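Remarks on the overall topology
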Amino acid sequence: MRARMCCGGLRNLLQGLSFSAKYYSKHNPPQTVCLFSKIAPKKCHILGCSKSTCTHRTAPPGSILPCRFFSCKEGIKVLSKKKQNTSMVTSELLHKNLLKSEQKNWNNISPRYKTMTKRIKEKLEELHNMYTLNSRSPRIRFGENVYFEENGCIFLAKADDGEGNAKILFSIEDLGFSDAFIQRIRISPDQRYMAISLKSENSEEATCIIMKLGNLPVVEKVIPSVFSFEWAANDVLYYTAQKNLKCQNVFMTTFTYQKHTKLVYTEQDARFFVDLYCTKDRRFLTINSNSKTTSEVWLVDCRHPFESPALVQARTTGLMYHVEHRKDQLYILTTYGEPAEYKLPTWACEFELESHPEHTTSTCYFQLSSPVHPPKRFAYSFKENNLIEQAVQEVPIITNCHTTRLLAKSKDETLVPITVFHNKNSKELHRRPLLVHVYGAYGIDLNMSFKEEKLMLIEEGWILAYCHVRGGGEQGLSWHRDGCQYNKLKGLHDLRACITLLHQEGFSQPKHTALAAASAGGVLAGALCNTDPALLRAMVLQAPFVDVLNTMMKTHLPLTIEEQEEWGNPLEDEKCMKYIKSYCPYQNIKPQCYPSVFITAYENDERVPLTGILQYVQKLRKAALDHASRTSKKGNWIPNIILDVQANGSHCDSSWEHSLNEVARHLAFLNRELEEVCHPKHHSKSCK
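Computed from a predicted structure; not experimentally measured.

Examining the overall build of the protein chain
In terms of regular secondary structure, the protein chain is built from 13 helices and 33 strands. The proportion of buried residues among the 688 residues of the protein chain is 52%.

If you want it as structure tokens, here you go:
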């Protein structure tokens, strides 16, 4: 929506806003956008701060005050300190023993995949060099100056002089962070300061370094554990502090005259995560507090950065929104109302706006891609209302890949979209290997960005299928609501229907089919492995969430409270506990013929506890062995249950080299499990 600025200032504007214009699909700033998106407020507690003293008082929701607290439930029972300590020691010992056992098992098994892994890595490196030739880091333009980062160095170039004459301002090695990478760059309006965040692969917390630019840039300040930051004025930086995966405090720090740092905003509802955003015209800084389903935005006027933030609209359960500004008008992107749809090329699966676009232009630049189509640059003219493909440099054209869209009828007759890619030259598709992808959680779209390994699989005759099951965000908020909490089983029914339809349509068959999932996608993948193991031959999982019930029962974990909107609260709701138990992968393992499974996990994963994965693997392997010992039929086989625990890497970020090794191991495993497809003479034993 749009709202025109009035002369009475920001506060008067916000008090008089009427949210009634046309709305668009949902907004989720950290994610790449996929192409399909009056409750009475509760009382809250306000923390009034005056120098070193703080006082609590009650105020109506939406009060314009610098700090805001929201009350949380109390009264959760805890064990005595002695029992807690005993339990912790026992748990740590069990964890160490399981980890040691799995590491030994991986060391014994890994040599059998070594040759295949090496071949795949070489092919992927070749494709990576071919398709990343034209990729480059974002360019940040300020008047005649252009700033950018390459290989850990910050460059400055003149817009009209070309980047060949760019000079290096500084490198991360100069700062003593040789093992880190630059995650974010923000430059002050007068270009006197630059703030950068540095992050390592082994941690989700970043360090913010503020450089004072000049002939010889110097470090002005170092701020640890920062998630987001934005310049509100030439010497005023706002930033959020991160602790245990949570961001709930916003600080303001200044660098000239009276240097000081103060707390500006605090969010106490554990379900909400706070980050910062600066509107493209740099007129406002937004403090965004978001849960999985609800948003609240406060505005900081960059012309008056020391004034208290102003509330746009108080949080309303189920309503999410994001604020942008241009030419004295606020644009509200929200989940309220019906989403708008836009027609784009049939092969396009991912839509990504270019970083730092010029806010004054009437043309919007973005990139379209798919798992097997490298990003192509397009321009959309608002004046002429047309879409133009921008040819920057020649890249290899994908001509041998065919895209098919299917609709599978789920258990409740809901139609579930499937996107299928296969080589046009492949014959007898029912004999080709099929790799199915699934996620289905948090209202997040299934990742369909370009990956070199996907293109390699297409070239080698594989079929790739992406199942857009409920719980994801491909078809709006209702699609997510229909697949979370008490609807989580619908996502499982969707996945089963999708794979069944693929086989019915002649895309492979169960003994040639593998399933891939990561993180929360492991819930549906693991659940299907329990309910319909005969649909699959193999499964690869990356940091999978497979122990939902035990994890959601542990409120001391950093994300448990926040994730109750997705999974429910089994501690306070017995019905919820029973429902989670009905689909939780770990809880439903039983002796039967399972597909082979390869899992990659991380020792330092703060989001998915490694202990849950270790226990899942042990239980799954035991169930498979029990089944084999009970049946002992001729031709019976024991699936490979493999866990590869990485000492380095984290849940969210990894370098290209680290990712390359993981992908190569996964594909080597799949090739070995499905080798009868590529080498018909070598018949593998079957459960059937």
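A look at helix α6 (residues 488–504)
If you check α6, its first and last C-alpha atoms are 25 Å apart, about what 17 residues at 1.5 Å a residue would give, namely 24 Å. Along α6, twelve of the 17 residues are buried, which leaves the element largely enclosed by surrounding structure. Within α6, the full set of buried residues consists of Lys488, Gly491, Leu492, His493, Asp494, Leu495, Ala497, Cys498, Ile499, Leu501, Leu502 and His503. Immediately downstream of α6, the backbone of glycine 506 shows phi near 90°, a positive value.

Structural notes on the packing of helix α3 (residues 114–131) against helix α4 (residues 452–459)
Close contact between α3 and α4 brings their axes to 9 Å; oriented N to C, the two are set at 115°. It follows from the interaxial angle that α3 and α4 lie roughly perpendicular. The crossing of α3 and α4 is right-handed. Where α3 abuts α4, its residues Ile120, Lys123, Leu124, Leu127, His128 and Tyr131 lie against Glu452, Glu453, Leu455, Met456 and Glu459. The residue inventory of the contact of α3 with α4, partitioned by class, reads six nonpolar, one polar and four charged.

Observations regarding the pattern of salt bridges
Counted under the stated rule, the structure contains 23 salt bridges. Residue lysine 123 is joined to glutamate 459 by a salt bridge in which the shortest nitrogen-to-oxygen separation is 3.6 Å. Linking lysine 123 in helix α3 with glutamate 459 in helix α4, this pair joins segments that are 336 residues apart in sequence. When its relative accessible area of 23% is taken as the criterion, lysine 123 is described as partly exposed. When the shortest N-O distance is used, the salt bridge between glutamate 204 and arginine 607 registers 2.9 Å. Placement of glutamate 204 in the loop between β10 (193–199) and β11 (206–212) and of arginine 607 in the loop between β32 (596–602) and α11 (610–631) is noted, with a sequence separation of 403 residues between them. Judged by relative accessible area, glutamate 204 falls into the buried class, the value being 10%.

So, the sheet that holds strand β30 (residues 513–518)
Strands sit in the order β26-β27-β29-β28-β30-β31-β32-β33 across an open sheet of eight strands; the sheet is mixed. The outermost strands of the open sheet, each flanked by one partner alone, are β26 (401–409) and β33 (641–646). Across the sheet, the mean angle separating the axes of adjacent strands is 15° when strand polarity is ignored. Across five bridges, the pairing between strand β31 (residues 538–542) and β32 is parallel. Bridge pairing links glutamine 542 to threonine 600 in β32. Each of β31, β32 and β33 touches α11; the most contacted strand, β33, lies at about 160° to it.

Structural notes on the confidence of the model for the protein chain
Of the residues in the protein chain, 80% have a pLDDT of 70 or more, and the chain-wide mean is 82. Here residues 1–79 is a poorly scored stretch, pLDDT under 50, and it has 158 contacts once near neighbours within four places are set aside; other chains count. Counting contacts from residues 677–688, a segment whose pLDDT is below 50, to residues more than four positions away or on other chains yields 21 contacts.

Let's talk about the sheet that holds β10
Strand order in this open sheet of seven strands is β9-β10-β11-β12-β13-β14-β15, and the pairing throughout is antiparallel. One side of each edge strand has no neighbouring strand; the edge strands of this open sheet are β9 (181–187) and β15 (261–266). Strand-to-strand twist of the sheet, defined as the mean angle between neighbouring strand axes without regard to direction, takes the value 45°. Relative to β11, β10 is paired through six bridges, and the arrangement is antiparallel. Bridge pairing links serine 197 to cysteine 208 in β11.

Quick word on unusual backbone geometry
You will see that aspartate 328, though not glycine, has its phi angle at about 60°, which is positive. With respect to the element layout, aspartate 328 can be found in the loop between β20 (321–326) and β21 (329–334). Overall, the relative accessible area of 39% leaves aspartate 328 in the partly exposed class. In the Ramachandran plot, serine 508 falls in the positive-phi region, its phi being about 65° despite a non-glycine side chain.

Concerning the pairing of strand β18 (residues 295–301)
The buried count for β18 comes to seven of seven residues, which makes it a mostly enclosed element. Side chains of β18 alternate between two faces, with Ser295, Val297, Leu299 and Asp301 and Glu296, Trp298 and Val300 buried alike. In sequence, strand β17 (residues 284–290) turns back onto β18 through a hairpin of four residues. As defined by bridge partners, β18 adjoins strand β19 (residues 310–313) across three bridges and the pair is classed as antiparallel. Following the sheet pairing, leucine 299 is matched in β19 by alanine 310.

With respect to the environment of threonine 207
Note that threonine 207 resides in strand β11. Classification of threonine 207 by relative accessible area gives buried; the value is 18%. Placed 20 residues apart in sequence, threonine 207 and phenylalanine 227 show a C-alpha to C-alpha distance of 8.3 Å. Ignoring sequence-local partners within four residues, the contact set of threonine 207 consists of Phe177, Ile196, Ser197, Leu198, Val222, Ile223 and Pro224.

Rules behind the numbers
Residues numbered from 1 in each chain as written. Predicted model: local features only at pLDDT ≥ 70, side-chain atom pairs only at ≥ 80, totals over all residues. Heavy atoms only, no water. Helix = DSSP H or I, 4+ residues; strand = E, 2+ residues; numbered from the N terminus. Buried < 20%, exposed > 50% of the residue type's maximum accessible area, 1.4 Å probe, protein only. Expected span 1.5 Å × (residues − 1). Axes fitted to C-alpha atoms, helices over the stretch in contact; angles between N-to-C directions. Parallel < 35°, antiparallel > 145°, perpendicular 65-115°, else oblique. Left-handed = near helix turned anticlockwise from the far one by under 90°. Contact = heavy atoms within 4.5 Å. Nonpolar A, V, L, I, M, F, W, Y, C, P; charged D, E, K, R; others polar. Salt bridge = Lys/Arg side-chain N within 4 Å of Asp/Glu carboxyl O. Pairing = 2+ DSSP bridges. pLDDT = per-residue confidence, 0-100.

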